Amino acid sequence: MKFTVILTSLLIVLSASNASGYNILGVFHTTGKSHYILAVALMKGLAEAGHNVTMVSPFKLDVPVKNMREIVLDLPPAHKFSKLLYHQSQTKIFEQLETVLQFGLNFTDDALMDPSFQELLKSGEKFDVAIVELFLSEALLGIGKVFDAPMIGFCSFGASKWSTDLNGSPSPLSYVPHTQFTFTDRMTFLQRMANTMLSIFEKVYLDINYNYRQEALYNKHFTDPKPDFDYLKRTSLSMVLLNAHFSMNYPRPYLPNMVEIGGFHIKNKPKPLPKDLQEFLDTSPNGVIYFSMGSNLKSADLPTEARDALLRVFGRLNVRVMWKWEDDTLPGKPENVLIRKWFPQDDILAHPKVRFFITHGGLLSTTEATYHGVPVLGIPVFGDQMMNMGKTQAAGYGVTVGFTNLTEESISWAINELLSNDKYSIRAKTISARFRDQPEDPLSRAVYWIEYVARHGGAKHLISGGQELSFIQYHNLDVFAVLLAVPILFLMLICRLLKRLFKKKSSNVGIDKKYK
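This is a predicted model, so every value here is computed, not measured.

1. Description of the sheet that holds strand E4 (residues 129–133)
With parallel pairing, seven strands are arranged side by side in an open sheet as E3-E2-E1-E4-E5-E6-E7. In this open sheet, the two edge strands, each paired with only one partner strand, are strand E3 (68–72) and strand E7 (258–260). Across this sheet, the average inter-strand angle for adjacent strands is 20°, counted without regard to direction. Bridge analysis of strand E5 (residues 151–155) against strand E6 (residues 237–242) gives five bridges, and the strand direction is parallel. Across the sheet, Phe 154 pairs through a bridge with Leu 241, a residue of E6. Running at roughly 170° to strand E2 (residues 52–57), helix H2 (residues 33–48) makes contact with strand E1 (23–27), E2, E3, E4 and E5 of the sheet. Its contacts with the sheet place helix H18 (residues 442–455) against E1, E4, E5, E6 and E7, and it is angled at close to 175° to E6.

2. Some remarks on the confidence of the model for the protein
Looking at the protein as a whole, the pLDDT averages 88, with 91% of positions reaching at least 70. When mean pLDDT is taken per element in the protein, E1 scores highest with 97 and helix H1 (residues 2–19) scores lowest with 40. Predicted confidence is poor over residues 1–19, with pLDDT under 50, and the contacts of this stretch with residues over four places away or in other chains come to two contacts.

3. Section: the pattern of salt bridges
For the structure on display, the rule yields 16 salt bridges. A salt bridge links Lys 60 to Glu 70; the nearest nitrogen and oxygen atoms lie 3.9 Å apart. Within this pair, whereas Lys 60 is found in the loop between E2 and E3, its partner Glu 70 is found in strand E3, the two being separated by 10 residues in sequence. Residues joined by salt bridges that share partners form a network here, namely Lys 267, Asp 346 and Asp 347.

4. Topic: the packing of aromatic side chains
Scanning the entire structure with this criterion turns up 23 aromatic pairs. When the ring of Phe 314 is compared with that of Trp 323, the centres are 5.6 Å apart and the planes differ by 85°; the resulting orientation is edge-to-face. A connected cluster of aromatic rings, assembled from ring pairs, spans Phe 103, Phe 107, Phe 135, Phe 157 and Trp 162. Geometry around Phe 280 places Arg 320 over its ring, the cationic atom sitting 4.8 Å from the centre.

Procedures and definitions
- Residues numbered from 1 in each chain as written.
- Predicted model: local features only at pLDDT ≥ 70, side-chain atom pairs only at ≥ 80, totals over all residues.
- Heavy atoms only, no water.
- Pairing = 2+ DSSP bridges.
- Helix = DSSP H or I, 4+ residues; strand = E, 2+ residues; numbered from the N terminus.
- Axes fitted to C-alpha atoms, helices over the stretch in contact; angles between N-to-C directions.
- Contact = heavy atoms within 4.5 Å.
- pLDDT = per-residue confidence, 0-100.
- Salt bridge = Lys/Arg side-chain N within 4 Å of Asp/Glu carboxyl O.
- Phe/Tyr/Trp six-rings, centres within 6.5 Å; stacked < 30°, edge-to-face > 60°.
- Lys NZ or Arg CZ within 6 Å of the ring centre and 35° of its normal.

Here it is as structure tokens:
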């Protein structure tokens, strides 16, 4: 009897504990594995905090997680477009922009058409908060209305026009560089000119050639009644979570509902490496170079000339190389090179024998390298990779080789520079110390703010009033017009009065002359 009472009490406590958790929906529609790594880290963190999590994504966990339900989208993985992405690096900037925009539109449309997702949208389920990935996916903001849930945006690559426009955080062109540039926040006049011109071009291009296409997707997938699309974009997000941190970026203005959580996916304590990899690293007398082009780009799709140039340089080194190579064989592979289709990157970068990291410059890769204090040699190809490598170079712990300049000479110079000069390693450790110096764990910060939005019924008090203003009102153009018009009208009135007085005086003089 006593045991039964204790068991019943325990069940009541557990039920109460489970009931305190929120029902949280996460929609991460992009098919890039790096995006999924971030998404699953966030959603697992919420599940471990006791919340009931539903995650919509094109990938599936190998091991199920308690409190976490997965809805798997049937979409083609992004790495299938690897060759196209390499080709894009050689095209003009507006062609690259159009390709990225089309990727975003396709990802969004395909996700919303997926039968499993459609079933969820029609299920009538209730969620306390919905998290959506902000990657050219504004049509997904209609999800909040379907489930009558407050919305939180998640941006996998930090702040950009795609997130700040939805949130209202200002992006002064005088010191916030465009993501396509490697400029710092201390731009010259010509750089500010280029930054302004590209930003204006992008704004006009998006208004003319992109926004209406997202609106068409919104109207296609969400039925009436629904709010105006432009109003929805500007007022539906209670919060935006950024995969960024000021120690790796440049200081810039954020509204209170834009929160940096960069590095939240990195494990404070690395997992033990597989035995063969651990031995390879431990027994490397001169250290190891780790090489990966990320999850969306394949090293195996590199142009033959670039691949052979890399192999010739690697073969002359007295250090070992760990290369993420997606094929079973690598013709001409030197003995000091170890290839695998996948490496546990975060855990490898934590090993003290890693001398530096050859990377495409993706944000996950540069973030992990920064956290572990590892210098980087960047081969940026597309998207934000040039900007990321520009930041590492400006900070003093990175070197960049242009993808279109991937020759034996350029590779050899860059590798020898990093191997022979300790300044990169010293600087990397300095930036790492800054990055790690945070008042709380970034994942805990993310969980707190998601719970905050749920606790406060959407936390609408965080949404800036500026989001409800028109372009003219936001920039005070009507006020400036009045302020400018008043003195102009006053001067015009004075001139008119003087003109009349002068005319009257002239008439009087004429009359006086006539009667003399």
